[in-house]
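Observations on the three-dimensional arrangement
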Amino acid sequence: MLDRPGRGRPQWTHSPWLGTIGGSEVVTECSEVRGNTKRRSLRPRNSIIAMPSPTSQLPGRVVFVGAGPGAADLLTLRAVDRLRAADVIVHDSLVPDLVLDEVNPTAERIRVDRELDQRPSPGTATGRLLARLALEGRAVVRLKGGDPTVFARLTEELEPLRQAGVAVEFVPGITAALAAAAAAGVPLTSRDSASSVTLVTGREADGKPDGIDFRSLAGLPGTLAVYMGVEQVARWSRELLGAGLSADTPVTIVSRCSWPDQRIGGSTLGDCAGDFATQGWRSPAVVVVGAAVPPASGPLRGQLVLATRPAGQEGEIAAAVRGAGGECINVPLVRIADPPSWQQLDDALGRADTYDWIVFASANGVRGFTRRLAALGLDGRALGTARLAAIGPATRRQLEAAGYRCDLVPDRFSSEGLAAALAGRTVRGRHLLVRADRGRDVLRHELESCGHHVEEAVAYESVALESLDPDTLAGLDAAPVTWLTLTSPSIADAAVRLLGPRLRSWRIATISPLTSAALARHGLRPDAEAADATATGLVDAIVRHEAAGLRPPAESVETAKLPPTSRG
């Protein structure tokens, strides 16, 4: 059955207490969510609510919120509360869009520039923007990577707010050093060897009268965590060596901590500058000086897996790879775009309550469907009694994330498996297939052969990239990639065209026989193929291959028709 907004019990979200206003009784704001409509009401103090916390919903104020290292599930509960209550979110470029999409997709977003040569300073310019927004009576959140009080230009941003008399609030976040240490499994302090931890920037402002005292830092009996140190790693490592630290001092590098392409590496103070160039560790990165990376464990230890999913959709593969002890980076080869016309889907949504089944062939189809439903001013009630089917677990999870209960997932995660699961559910049923702009017609043909009425609606299109920019290709050439994963025929085609001869030096894993067949058309064979068409199944296939100690047959790549690399 359906678990949709607008059906069943209302969903209540509780906001913190608003405080005593003019001596009146403290009240709590609650919001009843039905579909896309949020109805606010005030409940008395003795209602059953969340524990009170400082006010955040009043307009005309600015809340500085720490976004943590990047992953949405590392936000604090208070940070999520403030973000959901915001009218406008002013954020750094290092805050992933996916975090904002998950927490508050409707708020206005303003990305601020942090170029060092900006005049006035980036912090002052941002502070003036925040003051203007607050004085317009808007609920403003200033979302800053990590913690808002650590290397975040906070002093500069606060001054215009104080001059304007704007109230501020601070919500702490997990700062990068703590997140990096946790990700790498290294302690920042130790009773035996590190009684202190020092946070230091690897990039100081130009013209600063008093620079970093590296000699004092080198003399501290503790750990150093270097922020923003990628671009000037040669300078600060040389300074620490000159101040007396040994070249053999262990160094842990955590690149893009908690992001899907997080990488963890080890080096020494003497070698780290060169290792940054050869290993391709990217910014943002934290370098922990004085802590050694513990030995990796798991069947994929030492393996770097290249995912090729659309931007923001690599999380499940990355999590499975890391769970097996490997590292994962993502280079999108296709992008997801709106269809050229919404007319087909709009017409279907207008009669959505006439279908027996609405069938989703991908998670991207769910995203396009629900987004268009909202754009038309509709919600779950428009679907009537239609039941919902998903081709696999990822598509089901996307439905559930949107507030819908999935009624059917086949045992085999393929068009054939879904057709077989649906075939006997109704007699001469009406089915709406929500799909991409291109793909196989197996599902439609199978259902029609069983006497069902089938309509199709395109909810998105998958567009192959024309080229990869030189920096991306240079990064791939520097990174010790061992495995390439391909999750659709279109991505396989794009990989051959965009990555070219690099495929000769990587092992290849495919998610399904269809993807393997697309690869075969270019004269290539995968080294591993998933038994189940899921991210877990794909990584399990890689693990089985590594456990067997297999290596790719030479003829599978030597005979491949690989074009030159497409560069931007």
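Residues numbered from 1 in each chain as written. Predicted model: local features only at pLDDT ≥ 70, side-chain atom pairs only at ≥ 80, totals over all residues. Heavy atoms only, no water.

**Points about the packing of aromatic side chains**
- Evaluated as defined, the whole model comprises four aromatic pairs.
- Measuring from centroid to centroid gives 5.5 Å for Phe64 and Phe170, while their planes differ by 20°, and the two rings are stacked. Linking Phe64 in strand β4 (residues 61-66) with Phe170 in strand β8 (residues 167-171), this pair joins segments that are 106 residues apart in sequence.
- Judged by centre distance (5.1 Å) and plane angle (85°), the rings of Phe360 and Phe369 are edge-to-face.
- Judged by its relative accessible area of 1%, Phe360 falls in the buried class. (Phe/Tyr/Trp six-rings, centres within 6.5 Å; stacked < 30°, edge-to-face > 60°. Helix = DSSP H or I, 4+ residues; strand = E, 2+ residues; numbered from the N terminus. Buried < 20%, exposed > 50% of the residue type's maximum accessible area, 1.4 Å probe, protein only.)

**Examining the sheet that holds strand β23 (residues 528-529)**
- Strand order in the open sheet formed by five strands is β15-β14-β21-β22-β23, with parallel pairing between adjacent strands. At either margin of the open sheet sits one strand with a lone partner, and together these are β15 (327-330) and β23.
- Alignment of strand β22 (residues 507-510) against β23, held across two bridges, turns out to be parallel. Across the sheet, Ala509 pairs through a bridge with Ala528, a residue of β23. (Pairing = 2+ DSSP bridges.)

**Some thoughts on the side chain of Thr485**
- By secondary structure assignment, the location of Thr485 is in strand β21 (residues 483-486).
- The class of Thr485 is buried, set by a relative accessible area of 1%.
- In contact with Thr485, not counting residues within four places along its chain, are Val305, Leu306, Ala307, Thr308, Ile317, Ala509, Leu538 and Ile542. (Contact = heavy atoms within 4.5 Å.)

**A word on the pairing of β4**
- In terms of burial, β4 is largely enclosed, as six of its six residues are buried.
- Alignment of β4 against strand β7 (residues 139-144), held across six bridges, turns out to be parallel. Its bridge partner being in β7, Gly66 is matched across the sheet by Lys144.
- Direction of pairing for β4 relative to β8: parallel, over a ladder of five bridges. Pairing of Val62 across the sheet is with Val168, part of β8.

**Concerning the sheet that holds β7**
- Spatially, β6-β5-β7-β4-β8 is the arrangement adopted by the five strands of the open sheet, whose pairing is parallel. The open sheet has two edge strands with one neighbour each: β6 (108-111) and β8. Shown here is a sheet whose adjacent strand axes are inclined to one another by a mean of 20°, direction ignored.
- Contacts from helix α4 (residues 154-164) reach β4, β7 and β8 within the one sheet, and its direction differs from that of β4 by about 170°. (Axes fitted to C-alpha atoms, helices over the stretch in contact; angles between N-to-C directions.)

**Let's talk about helix α12 (residues 393-401)**
- When we look at burial in α12, the residues that qualify are Pro393, Thr395 and Leu399. Buried positions in α12, seen along its axis, are confined to an arc of 160° and lie on one side of it.
- Directly after α12, the chain includes Gly403, whose backbone phi takes a positive value near 95°. (Arc of directions from axis to C-beta.)

By themselves, these figures tell us nothing about what the structure is for.
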